[in-house]
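So you can see what is in the structure, the chains are spelled out below.
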Amino acid sequence: MANNPGRLVCLCNHVTAKEIIDVLRAGALTVAEVQDFTSAGTGCSRCVREIDAIVQNHLATTKKDPQLRIDFGIKAD
Ligand code: FES
């Protein structure tokens, strides 16, 4: 999955895995936040499951806990 960061994840909005990972590294912690910053998953929604997998993998590997988040300037819904 993350072996090819240039891989297109969201075909509707032309968002790559690298773009999603960059947003996560900048502080996004949820699929909704990834959608807000990249528009990935806001078209047909077919890619949302894969976006969620990338988010969960990122959280697991970085030990980030959405419940203990620090405000990175990302507005809440
Ligand atoms: S492929 Fe991502 S919204 Fe359609």
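Conventions used here
Residues numbered from 1 in each chain as written. Predicted model: local features only at pLDDT ≥ 70, side-chain atom pairs only at ≥ 80, totals over all residues. Heavy atoms only, no water. Helix = DSSP H or I, 4+ residues; strand = E, 2+ residues; numbered from the N terminus. Polar contact = N/O pair within 3.5 Å; in protein donor to acceptor, adjacent residues only side chain to side chain. Expected span 1.5 Å × (residues − 1). Buried < 20%, exposed > 50% of the residue type's maximum accessible area, 1.4 Å probe, protein only. Arc of directions from axis to C-beta. Contact = heavy atoms within 4.5 Å. Salt bridge = Lys/Arg side-chain N within 4 Å of Asp/Glu carboxyl O. Core = buried A, V, L, I, M, F, W, Y, C linked by side-chain atoms within 4.5 Å.

Draft legend 1. Spatial organisation of the side chain of Glu33. Relative to the helices and strands, Glu33 resides in helix 2 (residues 31–38). Looking at Glu33, its side chain comes within polar contact range of the main-chain nitrogen of Leu29, at 2.6 Å.

Draft legend 2. The arrangement of helix 3 (residues 48–62) in detail. With 15 residues, helix 3 extends 21 Å between its outermost C-alpha atoms, agreeing within 8% with the 21 Å of an ideal straight helix rising 1.5 Å per residue. Along helix 3, the residues classified as buried are Ile51, Ile54, Val55, His58 and Leu59. With its buried residues spanning 130 degrees around the axis, helix 3 presents them on a single face. Facing away from the buried surface of helix 3 by more than 90 degrees, the exposed residues are Arg49 and Thr61. Contacts made by the buried residues of helix 3 are with strand 1 (8–10), helix 1 (17–25) and helix 2. One or two positions beyond helix 3, positive phi appears at Lys63, with a value near 60 degrees.

Draft legend 3. Expanded view of the pattern of salt bridges. Taken as a whole, this structure holds two salt bridges when the rule is applied. In this structure, the salt-bridge partner of Arg7 is Glu50, at a minimum N-O distance of 2.3 Å. Linking Arg7 in the segment before strand 1 with Glu50 in helix 3, this pair joins segments that are 43 residues apart in sequence.

Draft legend 4. Structural detail: the nonpolar core. Counting residues in each nonpolar core, the largest one holds 18 residues, and the members touching the most others are Val9, Ile20, Leu24, Val34, Ile51, Ile54 and Val55. Among the elements that make up this core, the one with the highest residue count is helix 1 (five residues). Apart from the residues within four sequence positions on either side, Val9 is in contact with Val15, Thr16, Ala17, Ile20, Cys47, Glu50, Ile51 and Ile54.

Draft legend 5. Geometry of the environment of Asp52. Here Asp52 is to be found in helix 3. On the basis of relative accessible area, Asp52 is assigned to the partly exposed category, the value being 32%.

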